[in-house]
Amino acid sequence: MTATEDLIAAADAHSAPTYSPLPVVVASAEGAWMTDVEGRRYLDLLAGYSALNFGHTNRRLVEAARRQLERVTLTSRAFHHDRYAAFCAELAELCGMEMVLPVNTGVEAVESAVKTARKWGYRVKGVPAGMAKIVVAGGNFHGRTTTVISFSTDPEARADFGPYTPGFEIVPYGDLTAMRSALSENTVAVLLEPVQGESGVIVPPAGYLPGVRELTRERNVLFIADEVQSGLGRTGRTFACEHEGVEPDAYVLGKALGGGIVPVSAVVSSAEVLGVFRPGEHGSTFGGNPLACAVALEVIAMLRSGEFQARAAALGERMHRRLAGLRGTGGVTAVRGRGLWAGVDVDPRLGTGREVSERLMDRGVLVKDTHGSTVRLAPPLVIGEQDLDWGLDQLAAVLEDAG
Ligand SMILES: *Cc1c(COP(=O)(O)O)cnc(C)c1O
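Residues numbered from 1 in each chain as written. Predicted model: local features only at pLDDT ≥ 70, side-chain atom pairs only at ≥ 80, totals over all residues. Heavy atoms only, no water.

**Some points on the domain arrangement of the chain**
Item 1. Examined at the domain level, the chain breaks down into domain 1 (3-57 + 307-402) and domain 2 (71-304).
Item 2. Taking only C-alpha atoms, the centre of domain 1 and the centre of domain 2 are 27 Å apart.
Item 3. Taken together, the 27 residues of domain 1 in the interface contact 27 residues of domain 2.
Item 4. Taking both sides of the interface into account, the surface hidden between domain 1 and domain 2 amounts to around 2400 Å²; carbon and sulfur atoms contribute 58%.
Item 5. Per-residue buried area on domain 1 facing domain 2 is highest for Q309, R338 and W341; these three make up 35% of the total on that side.
Item 6. Across the domain 1-domain 2 interface, the total number found is one salt bridge.
Item 7. Inspection of the domain 1/domain 2 interface yields 13 residue pairs in polar contact (both at pLDDT 80 or more).
Item 8. Listed by contribution, the elements that provide at least two residues to the side of domain 1 that touches domain 2 are α2 (47-50), α12 (307-325), β11 (332-337), β12 (342-346) and β15 (374-377).
Item 9. Broken down by class, the residue content of the side of domain 1 that touches domain 2 amounts to 15 nonpolar, nine polar and three charged. (Domains from an automatic or database assignment. Contact = heavy atoms within 4.5 Å. Buried area = accessible area lost by both parts, 1.4 Å probe. Salt bridge = Lys/Arg side-chain N within 4 Å of Asp/Glu carboxyl O. Polar contact = N/O pair within 3.5 Å; in protein donor to acceptor, adjacent residues only side chain to side chain. Helix = DSSP H or I, 4+ residues; strand = E, 2+ residues; numbered from the N terminus. Nonpolar A, V, L, I, M, F, W, Y, C, P; charged D, E, K, R; others polar.)

Quick look at the structure:
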């Protein structure tokens, strides 16, 4: 057996089978490139589902982490530490908000946003005890905890995990009329992805997000934007909401906030909303730890320059121009996306998304399929123009070979 086969067999023997990874075993990575245990190099067009927006082993981020590793890494929130105030202030400022609730993973931030909205509903809006409702969209992906899968519409994510958490109503994504009818006296929040990532990079119709903003403002309902995947540069702006001039009441952030090094996530909102908590009502041992703050502070500083957003916009235009050329005769039936982010529907006669991903792997390009025949492209924002072109050449070749 090869080293790759050995390691995959060992992983299969001892790892709960919650994933079906492509048969590549990565040993190191830099920028947009990964190297496997046999020394083969691959261009990464997934970027850890946008957790690696700044590329692998980004020098600036690794240095920030290394400096912090040698000083102090964890205090717990029982004590203050000297990176915490700056982290909260600078993240709030980046978001145009006032307060930060730091946690670790994306789903933990979503859970924290759900708890925040309910608490706000009871303490500020005056919703009767136990009646708070949160409206979400069909096709959503907000993570994997019991409460969060309770309002998923993906049967695979839900099956045999019940009983489910009540208090959520699901409306079709992009449908303002359905949203209007779903809002009631007891609605405390609307929770949406401004672009649905896992669903296949679905961009809602123009006017939808501003419409939701207007409705929620009229009805005294919080608009919570889950920008865990769409935020922090991916779409060519700091936040995907900006494309439609929308300012939500709260952002849920994660993935790229940890610079591809440590899990860092947060709910960012106003003092009215996050100020509802009292000590002891919510918490996390690792939330806002010194290492996480040091890395996130560097991420925030990098985003403040605007350079990564501009790069995502320019490279995104280049990528979408090329993908548009593959429509029809090139084997692609539809392309969606914003910035350096695309959901590419492949003609099912040419293979499933998984088959296309495997053929791309053989050509040295790593991507991940989403549902059915959709391939998602989300290269690190630091990818070189020529590398991006080369990666898209491989996609064109795979589709041509299959046609
Ligand atoms: C990935 C993702 C999450 C969950 O993040 P985890 O860190 O995997 O828990 C939540 N919301 C969105 C939009 C995501 O893309």
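**Things to note about the site of the ligand**
Item 1. Inspection of the region around the ligand gives T105, G106, V107, F141, H142, G143, E193, D226, V228, Q229 and K255 as its neighbouring residues.
Item 2. A distance of 2.8 Å separates an oxygen atom of the ligand from a polar backbone atom of G106.
Item 3. With the chains in place, 82% of the 390 Å² that the ligand exposes on its own is no longer accessible.
Item 4. Of the residues assigned to the shell around the ligand, the class counts are three nonpolar, five polar and three charged. (Near = heavy atom within 4 Å. Areas by Shrake-Rupley, 256 points an atom, 1.4 Å probe, with all protein chains shown as cover.)

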